[in-house]
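This is what each chain is made of:
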Amino acid sequence: AQSVTQLDSQVPVFEEAPVELRCNYSSSVSVYLFWYVQYPNQGLQLLLKYLSGSTLVKGINGFEAEFNKSQTSFHLRKPSVHISDTAEYFCAVSGRGGATNKLIFGTGTLLAVQP
Amino acid sequence: NAGVTQTPKFRILKIGQSMTLQCTQDMNHNYMYWYRQDPGMGLKLIYYSVGAGITDKGEVPNGYNVSRSTTEDFPLRLELAAPSQTSVYFCASFLDSGANVLTFGAGSRLTVL
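Draft legend 1. Spotlight on unusual backbone geometry. With an omega of -10 degrees, the peptide bond between Thr7 of chain B and Pro8 of chain B qualifies as cis. With phi around 60 degrees, Asn61 of chain A is a residue other than glycine that occupies positive phi space. Look at Asn61 of chain A and you get partly exposed, because its relative accessible area is 41%. Of note, Asn28 of chain B is a non-glycine position whose phi angle comes to about 60 degrees, a positive value. Among the secondary structure elements, Asn28 of chain B is positioned in the loop between strand E3 (19–25) and strand E4 (31–38). With a relative accessible area of 56%, Asn28 of chain B lands in the exposed category.

Draft legend 2. Region of the structure containing the interface of chain B and chain A. The interface is formed by 24 residues belonging to chain B together with 23 residues belonging to chain A. The junction of chain B with chain A conceals about 1700 Å² of combined surface from both sides, 54% of it contributed by carbon and sulfur atoms. Connecting chain B to chain A are zero salt bridges. Inspection of the chain B/chain A interface yields three residue pairs in polar contact (both at pLDDT 80 or more). Broken down by secondary-structure element, the contributors of at least two residues to the side of chain B that touches chain A are E4, strand E5 (42–51) and strand E9 (87–94) of chain B. Residue classes in the side of chain B that touches chain A are distributed as 14 nonpolar, six polar and four charged.

How each quantity is defined
Every chain is numbered independently, its residues counted from 1 as its sequence is written. Throughout, the order in which chains and ligands are written sets their labels, letters from A for the former and numbers from 1 for the latter. The model is predicted, so local features are restricted to residues of pLDDT at least 70 and side-chain atom pairs to those at 80 or more, both for listing and for counting; the totals for chains, interfaces and linings are taken over all residues. For side-chain calculations, the full set of non-hydrogen atoms in the structure is used, while hydrogens and water are omitted. Each residue's exposure class comes from its accessible area (1.4 Å probe, protein chains only) as a fraction of the maximum for that residue type: buried when under 20%, exposed when over 50%, partly exposed otherwise. Numbering of helices and strands starts at the N terminus; helices are DSSP runs of H or I of at least 4 residues and strands are runs of E of at least 2. Only heavy atoms enter the contact rule, under which two residues are in contact if any of them lie within 4.5 Å. Summed over both partners, the accessible area lost on bringing two parts together, with a 1.4 Å probe, is the buried area. Think of a salt bridge as a Lys or Arg side-chain nitrogen and an Asp or Glu carboxyl oxygen that are within 4 Å of each other. Pairing of N or O atoms within 3.5 Å defines a polar contact, subject to two protein rules: one partner must be a possible hydrogen donor and the other a possible acceptor, and residues neighboring in sequence count only if both atoms are side-chain atoms. Here the term charged refers only to Asp, Glu, Lys and Arg, the term nonpolar to Ala, Val, Leu, Ile, Met, Phe, Trp, Tyr, Cys and Pro, and the term polar to all other amino acids, Gly among them.

What follows is the structure in structure tokens.
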């Protein structure tokens, strides 16, 4: 089984500052990793995903994440945030195919961008 | 192409009542999921289905039932609603083609009083 830990429930940051949202996972099998974003009163949208290949993954809205297998981490970063980035961010993990193909989510991190 | 459609968007139930949350997708996705979202708890998987006629329990299945008679539809039934089932419910689907990208519905907010 897989599990995901998002260490920060809330991250306040000033506009134009860099930000890192942390995510660690646990799994006995190889995994796929994802970051989803949820804007207020909306469903979830895919931000980026790691399936294979390069460990640095670029997503929408200037976000990127790096897969670190040795540290079992998949931290999300953005060099300069905007007010419009205020949202809840979810890290998720799934096994690779077959019966392990269930997406398990972390508890979420609220990114609060202040002017 | 409507994606994943959930109905109703909002519903208030009394304790002990039953209801069905509807979910339909028009993308011919084989995998479908039901999640519930509670503040500070993230999304918890209730049930999922890998294709028509096949369903399986997720992390928090108690108090719920599902069926998957067609590829398009994956209704979630609540029997004997309890206050603990007050939550926002999300249906999602994806095509098992290796891309592993879930498409989510807009959510159904359920309150049990």
